[in-house]
Amino acid sequence: MTSLIAGSDGRARCAWAGADAEYQRYHDEEWGVPLHGDRALFEKMSLEGFQAGLSWITILRKRPRFREVFDGFDPERVAAFGEDDIERLMQDAGIIRNRAKILATIGNARLVAEMAEGELDELMWSFAPSPGIRPRSFDDVPAVTAESTAMSKELRRRGFRFVGATTMYALMQSAGMVDDHVEGCWRAA
């Protein structure tokens, strides 16, 4: 796979952004941009968990509906979800209807709701590595790192689910904890 692709605007982008306008917007405006806040990181954690085994574009296209049915990923509100909410979510074709992932999201919300304000943000960002060498190509981009493995272990120790090391590395990339825009990408700093 080539590492760069030229968009219709002439900009060189990481090739994974492809020609899809929403994927290019996500690449240009969100992926790799530092993201802070408990609610925002809870949303990111939840969506990355739903993505496990699927393509990110599937989640990206369903994100507006996810936000709607999960009350904007407000941890306090999601933590209060009960059996009726679970059944409502299982019937909603606008999201990924995976009971284990839905239950994990609600359980994770309960854990976040018990944390002090800013604690999730501080915890997750504590695993961000020092800026490294910019990847030259996709071959240089790992799927897992020591930091994502450590983050995963700590989150699992605290009771979080669907937070494996690969999923947490994807979160680190999308939340700007690491910057994996490949060399030559217009977003590469």
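The structure this text deals with has already been given above.
Now for a look at the structure at hand. (Residues numbered from 1 in each chain as written. Predicted model: local features only at pLDDT ≥ 70, side-chain atom pairs only at ≥ 80, totals over all residues. Heavy atoms only, no water.)

**Some words on the overall build of the chain**
Logical step 1: Scanning the chain from N- to C-terminus turns up nine helices and two strands.
Logical step 2: When the helices and strands of the chain are read in sequence order from the N terminus, they spell out β-β-α-α-α-α-α-α-α-α-α.
Logical step 3: By the compact-globule yardstick of 16 Å for 189 residues, the chain fits well, its C-alpha radius of gyration being 17 Å.
Logical step 4: Along the longest, intermediate and shortest principal axes, the C-alpha atoms of the chain span 50 × 35 × 25 Å.
Logical step 5: Counting across all 189 residues of the chain, residues that qualify as buried make up 49%.
Logical step 6: Intrachain contacts of the chain at a sequence separation of at least 6 include 66% that bridge at least 24 residues.
Logical step 7: Accessible area of the chain: about 9,100 Å², with a carbon and sulfur share of 51%.
Logical step 8: A distance of 4 Å separates the average location of the 24 positive side-chain charges in the chain from that of its 30 negative side-chain charges. (Helix = DSSP H or I, 4+ residues; strand = E, 2+ residues; numbered from the N terminus. Rg over C-alpha atoms; globule rule 2.2 N^0.38 Å. Buried < 20%, exposed > 50% of the residue type's maximum accessible area, 1.4 Å probe, protein only. Contact = heavy atoms within 4.5 Å. Areas by Shrake-Rupley, 256 points an atom, 1.4 Å probe, with all protein chains shown as cover. Lys, Arg positive; Asp, Glu negative; His and termini not counted. Charge placed at Lys NZ, Arg CZ, Asp CG, Glu CD.)

**What about the side chain of E30?**
Logical step 1: With respect to the helices, strands and loops of the structure, E30 is situated in the loop between α1 (21–29) and α2 (38–51).
Logical step 2: Of note is the side chain of E30, whose polar atom sits 2.6 Å from the side chain of R25.
Logical step 3: In this view, E30 contacts R25, K44, R63 and S174; residues no more than four positions away in its chain are not counted. (Polar contact = N/O pair within 3.5 Å; in protein donor to acceptor, adjacent residues only side chain to side chain.)

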